[in-house]
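# Structure assessment
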Amino acid sequence: MARSKRSQRPRANPPSLPLGREIPTDTGTVRLDQETDGSVLVTLNGMPSSMIHPDAQVLSFEYMRWILSAIRALHPQSSAEEGRLAIAHLGGGAAALPRALADAYPQSTNSVVEIDGALLDLVRTWFDLPRSPRISLRADDALVALDGWREDRFDLVIRDVFAGGTIPRAFQDLTAATSVRRVLRPGGFYFANSVMRPASSVISDELATLSRVFEHVSLIAEPSALKKRRTANCILIGSDDELPPEVERAIRSDAVSVPLMPNAEVQRMIRHGHVLCREAVSSAADEPAERSGPYRFG
């Protein structure tokens, strides 16, 4: 895929970054640390959140690369229309993935919703994010934004929402999945970043929930995580169209090669999962949050 020439232009008078110290935001703190390759690690509330590289399309976190690779396979820009994507991001962090997509698809629009407005102001100041409409930043609860968007608005919806080390359960339930399906255009795709943990059924439950509203449900996960040997990010995909084989070829070519789980395995997980409903989610909200170590990526 051709790169946007805009990403190759150095930013005029880039701001001096406040490296190595905690900066207060609306929901906690943010810290910036410079890496040897020029990247900046963004840590939110003590957990790695984003890595901003001088090249917008270089993504350090595996799950972001998997999503970007899958989207490139789905939309290879073989025609002008392929590059005019309307993309919604539920959760923004430092906007590394929206920045990469805006660079890969210069004619696209990326609507980013992040609950921490102070963080958004800092990110816009610190980093070379394209301006609206290529990337629009909205300080709001992503569920509120999702409920307010009109039908058939987006080609892609990407969920990357965490509170501490866990995903707020209201984003995993049937109501949220139905709302995502409503705002997707025909032929659209939903990518949900989740965390697979040993002795947890949450991924099976999420797959079962998505299967209620999407014709096809897919899963990108490392085999060791699928066997519940360790905690790791995984990507759930909901769509009305079956994923083409190009998607698996793309994600297998990543530095951290992962397979697209066979449909038989996904169906087995769905059968063992439970559909997450809002009432059940609300009653579970008081349960102690699981700590996921450094897996708050987004």
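Residues numbered from 1 in each chain as written. Predicted model: local features only at pLDDT ≥ 70, side-chain atom pairs only at ≥ 80, totals over all residues. Heavy atoms only, no water.

### Remarks on the overall build of the protein
Looking only at helices and strands, one finds 10 helices and 11 strands in the protein. Counting all 298 residues of the protein, 53% fall into the buried class. Taking all contacts inside the protein whose residues are at least 6 apart in sequence as the whole, residues at least 24 apart take part in 71%. Of the roughly 13,200 Å² of accessible surface on the protein, 49% is carried by carbon and sulfur atoms. (Helix = DSSP H or I, 4+ residues; strand = E, 2+ residues; numbered from the N terminus. Buried < 20%, exposed > 50% of the residue type's maximum accessible area, 1.4 Å probe, protein only. Contact = heavy atoms within 4.5 Å. Areas by Shrake-Rupley, 256 points an atom, 1.4 Å probe, with all protein chains shown as cover.)

### Brief notes about the packing of aromatic side chains
Overall, the coordinates contain three aromatic pairs when judged by the stated rule. Measuring from centroid to centroid gives 6.1 Å for Tyr 190 and Phe 214, while their planes differ by 25 degrees, and the two rings are stacked. Remark: Phe 214 occurs in the loop between α6 (202–210) and β10 (216–220) and Tyr 190 occurs in strand β9 (residues 184–196); sequence separation between them is 24 residues. The residues Tyr 190 and Phe 214 share a single accessibility class, namely buried. (Phe/Tyr/Trp six-rings, centres within 6.5 Å; stacked < 30°, edge-to-face > 60°.)

### Digging into the packing of helix α1 (residues 62–74) against helix α8 (residues 245–252)
Closest axis-to-axis distance for the α1/α8 pair is 8 Å, and the angle between their directions is 145 degrees. As α1 packs across α8, the resulting crossing turns out to be right-handed. Across from Trp 66, Ser 69, Ala 70, Ala 73 and Leu 74 in α1, the residues of α8 making contact are Glu 246, Val 247, Ala 250 and Ile 251. Classifying every residue of the contact of α1 with α8 gives seven nonpolar, one polar and one charged. (Axes fitted to C-alpha atoms, helices over the stretch in contact; angles between N-to-C directions. Left-handed = near helix turned anticlockwise from the far one by under 90°. Nonpolar A, V, L, I, M, F, W, Y, C, P; charged D, E, K, R; others polar.)

### Remarks on helix α9 (residues 263–272)
Those residues of α9 that fall on the buried side of the exposure criterion are Val 266, Met 269 and Ile 270. Taken down its axis, α9 places every buried residue within 105 degrees of arc, on the same side. For α9, the exposed residues lying more than 90 degrees away from the buried face are Ala 264, Arg 271 and His 272. (Arc of directions from axis to C-beta.)

### Let's talk about the nonpolar core
If you look at the biggest cluster of nonpolar residues, it comprises 51 residues, and the most contacted ones within it are Ile 71, Phe 127 and Phe 191. The element that contributes the greatest number of residues to this core is α1, accounting for nine residues. Not counting residues up to four positions away in its chain, the partners in contact with Ile 71 are Leu 85, Leu 101, Tyr 105, Leu 156, Ile 158 and Phe 191. With 42 residues, the next largest nonpolar core counts Val 113, Phe 154, Ala 177 and Ala 208 among its residues. (Core = buried A, V, L, I, M, F, W, Y, C linked by side-chain atoms within 4.5 Å.)

### A few points about the environment of Gly 92
If you trace the backbone, Gly 92 turns up in the loop between β5 (86–90) and α2 (96–104). Through-space distance from the C-alpha of Gly 92 to that of Ser 49 is 9.7 Å; in sequence the pair is 43 residues apart. Those residues in contact with Gly 92 that sit more than four places away from it in its chain are Val 112, Val 113 and Glu 114.

### Considering the pairing of strand β11 (residues 232–239)
In terms of residue burial, β11 counts as a mostly covered element, since eight of its eight residues are buried. Burial along β11 is two-sided: the face carrying Ala 232, Cys 234, Leu 236 and Gly 238 and the face carrying Asn 233, Ile 235, Ile 237 and Ser 239 are both buried. As paired elements, β10 and β11 share five bridges and run antiparallel to each other. Bridged to Ile 220 within β11 is Ile 235. (Pairing = 2+ DSSP bridges.)

### Comments concerning the side chain of Thr 25
Note on placement: Thr 25 falls in the loop between β1 (22–24) and β2 (29–34). There is a polar contact of 2.7 Å between the side chain of Thr 25 and the side chain of Asp 116. Setting aside its immediate chain neighbours within four residues, Thr 25 contacts Val 30, Asp 116, Ala 118, Leu 119 and Leu 122. (Polar contact = N/O pair within 3.5 Å; in protein donor to acceptor, adjacent residues only side chain to side chain.)

### A short note on the pattern of salt bridges
Pairing is possible between side chains of opposite charge, provided their charged atoms come close. For the structure shown, the criterion picks out 11 salt bridges. When the shortest N-O distance is used, the salt bridge between Asp 33 and Arg 31 registers 2.8 Å. Taking relative accessible area as the criterion, Arg 31 reaches 27% and is therefore assigned partly exposed. The residue Asp 155 makes a salt bridge to Arg 185 at a minimum N-O spacing of 3.0 Å. (Salt bridge = Lys/Arg side-chain N within 4 Å of Asp/Glu carboxyl O.)

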